[in-house]
Structures are given as C-alpha cells and as structure tokens.
Amino acid sequence: MTAARTITLGCRLNFAESEAMRALAGDDTIIVNSCAVTNEAVRQTRQAIRRAHREAPEKRIMVTGCAAQLDPEAFAAMPEVSRVVGNAEKYQAEAFVPARHPGLEPGSTFLSEGGKNRWIPGQARDDDRVMVGDVMTAPVPPVAAGFLSRVRSFVAVQTGCDHRCTFCSIWQARGPSRSLPYGAVRDAIERELDAGAKEIVLTGVDITSYEPGLGQLCQRLLTDLPQLQRLRLSSLDSIEIDDALMELVAGEPRLLPHFHLSLQAGDDLILKRMKRRHSRAQAVSTVEKLKKARADVTIGADLIAGFPTESEEAALNSLRLLEDCDIVAAHIFPFSPRPNTPAARMPQLEHETIKARAARLRSAAADRRSRWLDSLVASRQTVLIENSEKGHSDGFAPIHIAGSTRGDMGQAKIIGHDGDHLIGIFE
C-alpha cells in the first residue's frame, strides 16, 4: 500500500511524527499534522486543510497534532475534514482506517466526469469523526523518526512537558514529559543511518528533560554508534543543559555546534511572569559557557515580543539580549494569547505595539545575522547539502553551492553571501 501524503506544521517533532504516521494510511488520505504554538499556527493549519481539499477533493483528510488535540470539535466541524485524531491515538492504525470522506461511509465512490468531481455517497455517519483521548494518561509512544529531504533525519527522544510557562498550551496537547527508552532511540537512529541519513537531529517537546539526562543520552549514542558522524540537537531549555552535555560540546566534534535556546525574553520581570526558570544573567552565562567550551558554537533562540505587561524598557532588554547572547538565528514570535493559559488573562498590550516590537526585534536579528554571514566570507566550512544545491554548515549557516547534489558533504570555501545564504565552492 502506498503511504499517505502528510502536511506538517510546526516543530521538528511534528516532522518526525508525520513520517511515522505516513504508513498508517493509504494514498487516498492526507494527514495534516497541526501546530498550536500560536493563534497564527492554528490559522495556518486551517488554511492548509482547505488548500489540500481544493487540490485533491477526492482525498480523505485526517487532522492530528496539537491544535487538533486542543480543539477537536472545531476541526471536526470543518466540512473538508474526515476525522480528527488525537496525539494519544495517532500511532494507532485503527485511527486511520477507514479514513472516510466527511459524512460518507468508507465504501463511497469518487468519480471524475467531464472535468467535474463528485462523490457517490453511502449513508452519512458522524460517530467516528473525533478520536481524541486523554494525553495526560497516555502511554509512552513509539520512537518517531523521519527524513527531511532524505539527508537529515529527526528522531524523537521525548514528548510532553512538566513545566507550566504561562503563555504555553502545548503541555495540554502533549501531556506530561515522557522519555523514550534508550534502546528504542538507538535502534531508530541505526535504522535511519542504514537508510542513508547523514545527520541525526534529536527532537522532542523538552529534550533537556530527558531521563536520566540529555548529555548521558548523547554520550551513549555516540559511543554505541560510531557510524553516527553528525548529531544535532533541537531546541534546548538553557537552564537544563547538564555537565555531561557541556563535556561533549567541549570534546566531541560529532556533536554539531549550533544550539537553539528557548530564551523567550531578556527581562527578568517578564521571565518571572512567563514562569520561566532562568534569569537573564543565567541565559547569558550559559551562552558564555558554551562558547568557552567550543569556539565555533553558534546560538539560535526563540523570543516573544509584546508579552502582557511588557514595558518599553523590558522590550529593550530583550532587544539587547540579541547582542549579549550573540544570537545569529532568532525566531521572533509576536505574543499570541492562547486559550486557557494564565498569560491570556493578563493585561494585554495593543496589537500595534506588539507588531512594532516584533518588527524591531526581527530587524535587529536580521542585521546581526547579516554581520555573522559577513564574518564567514573567506572561511572554510564543513557543509552538508540537503536539496536544490542548498544546505547548512556545522554551525547551521545556510549555504548555496552551485552544481552540488543532495547528500554532498565536505569542506567548502565561502566566497560571499546573498543576504540569505552563504555562497561557497567545494574544495
């Protein structure tokens, strides 16, 4: 049976999970793996569903992921949707079979005649439109793993979150933190490497909460799998980076030197109101330790603009954090009040203020990134090409090498940049 098509929104964990779900449904199905990190992400999920239906009206559309878990009835009410599948059910084959067209029995027939598409319906049935259970009591899921462009593979090591940041609803969609068994993670990575992956990215909701420690996990993987030559980490909670991981940063070149930190703000009062567990000084100190451990470390970060009660001085503290933490890859999110979160009940800023502060942060971040790319011209970088002559350096600088093909890897001389990508040639 040909696998289903997937449409994935949101985080790297979603990409890994989408690949794992593809085999659970046939090619008559589109699986939309949704995101709920912001209101905009939910809007984009709805937009993706409608677009998928327009492009392939004969397909059954199954919606899963965090947005579907949090508001299943809203997605089930969309006429394009065949079924809504919860995060606790999405690895169950029975959740996808039969994947019926909205309001139609599985045996209904799709016809295309004279350029017009129509269904010959069976008896309408709505009792299985929603299959969403309780994620708070769900068992540990299997290890999800999947390729991006058949070169880099995302492997889930953990899901869920035990923290309660006031702006975040993801813990409600994913449940408590659960670490996946080491043996299953190792075996999944080995399969991905055997299938041709050249780089493994460990991913999850909060991977620094991995038990008994993310550093120990990485150490074991790199010891047990000598063929694992490129190991990358997805987003990290800076306060949870352990000593074992710091040791690897300092002494293990197979651990790639780009670290994306979930910083969110650069002002202590706002961090406290966010219920973050680090201070501004601790964030800066973590970056200093990473860069002291390895000179070529690069830093990415998530930052929220316009959090409730944020003063102009607090906003400027976040702006200054770009320099203080040497952030070269900033993901800027205008604050978006998520339902059933404490931050949604706090005094909100005006939309135009949020928009302006996000734009200011993005502009400053883009300037820093451009200066970083400038600094790499005339250097030599190890590069992995992912697709369309484009790839990334070890420090996650995007790079274009004319004439290269997917999977090419080696030392490249950097001869310039176009504002978005370094321009290089393989030596």
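Scope of this entry: the structure provided in the associated data block. (Residues numbered from 1 in each chain as written. Predicted model: local features only at pLDDT ≥ 70, side-chain atom pairs only at ≥ 80, totals over all residues. Heavy atoms only, no water.)

**Observations regarding the sheet that holds strand E19 (residues 398-400)**
A barrel is described by the order of its strands in space; here five strands give the closed sequence E17-E18-E19-E21-E20, paired in mixed fashion. Averaged over all neighbouring strand pairs, the angle between strand axes comes to 55°, with direction disregarded. Across five bridges, strand E20 (residues 409-417) lies against strand E21 (residues 422-426) in antiparallel orientation. Counted as the bridge partner of His-417 is Leu-422 from E21. (Pairing = 2+ DSSP bridges. Helix = DSSP H or I, 4+ residues; strand = E, 2+ residues; numbered from the N terminus. Axes fitted to C-alpha atoms, helices over the stretch in contact; angles between N-to-C directions.)

**With respect to the sheet that holds strand E14 (residues 258-264)**
Strand order in this open sheet of three strands is E14-E15-E16, and the pairing throughout is parallel. At either margin of the open sheet sits one strand with a lone partner, and together these are E14 and strand E16 (327-334). Across the sheet, the mean angle separating the axes of adjacent strands is 20° when strand polarity is ignored. With six bridges joining them, E14 and strand E15 (residues 298-305) adopt parallel strand pairing. For Phe-259, the partnering residue across the bridge sits in E15 and is Ile-299.

**Things to note about the packing of helix H8 (residues 243-251) against helix H10 (residues 280-293)**
As a packed pair, H8 and H10 sit with axes 8 Å apart at the nearest point and diverge in direction by 40°. Taken together, the axes of H8 and H10 are oblique relative to one another. Residues Met-246, Val-249 and Ala-250 of H8 lie in contact with H10, whose contacting residues are Thr-286, Lys-289, Leu-290 and Ala-293. Classifying every residue of the contact of H8 with H10 by side-chain character gives five nonpolar, one polar and one charged. (Parallel < 35°, antiparallel > 145°, perpendicular 65-115°, else oblique. Contact = heavy atoms within 4.5 Å. Nonpolar A, V, L, I, M, F, W, Y, C, P; charged D, E, K, R; others polar.)

**Thoughts on the pairing of E16**
In this sheet, E16 lies alongside E15 in parallel orientation, the contact comprising seven bridges. Within E16, the residue paired with Gly-300 across the bridge is Ala-329. Following the backbone out of E15, through helix H11 (residues 312-324) and into the adjacent parallel E16, one traces a crossover that is right-handed. (Right-handed = clockwise from strand over helix to strand, strands pointing away.)

**Remarks on the packing of aromatic side chains**
Evaluated as defined, the whole model comprises two aromatic pairs. Taken together, a centroid distance of 6.2 Å and an interplanar angle of 55° make the contact between Phe-15 and Phe-154 tilted. Remark: Phe-154 occurs in strand E9 (residues 152-156) and Phe-15 occurs in helix H1 (residues 12-22); sequence separation between them is 139 residues. On the basis of relative accessible area, Phe-154 is assigned to the buried category, the value being 4%. Here the aromatic rings of Phe-307 and Phe-335 are separated by 5.4 Å at their centres, their planes lie at 75°, and the arrangement is edge-to-face. With a gap of 28 residues between them, Phe-307 in the loop between E15 and H11 and Phe-335 in the loop between E16 and helix H12 (351-376) connect regions that are remote in the sequence. The burial state of Phe-307 is the same as that of Phe-335; both residues are buried. Between Arg-164 and the ring centre of Trp-171, over which it is positioned, the NZ or CZ distance is 3.7 Å. Note that Arg-220 overlies the ring of Tyr-182, its terminal NZ or CZ placed 3.7 Å from the centroid. (Phe/Tyr/Trp six-rings, centres within 6.5 Å; stacked < 30°, edge-to-face > 60°. Buried < 20%, exposed > 50% of the residue type's maximum accessible area, 1.4 Å probe, protein only. Lys NZ or Arg CZ within 6 Å of the ring centre and 35° of its normal.)

**Structural notes on the environment of Thr-208**
Secondary-structure assignment places Thr-208 in the loop between strand E12 (199-203) and helix H7 (214-224). For the pair Thr-208 and Ser-177, spaced 31 residues apart in sequence, the C-alpha separation works out to 11 Å. Sequence-distant contacts of Thr-208, that is, excluding residues within four places in its chain, are made with Leu-214, Leu-236, Asp-237 and Glu-240. Among the polar contacts made by the side chain of Thr-208, one reaches the main-chain amide nitrogen of Asp-237 at a distance of 3.3 Å. (Polar contact = N/O pair within 3.5 Å; in protein donor to acceptor, adjacent residues only side chain to side chain.)

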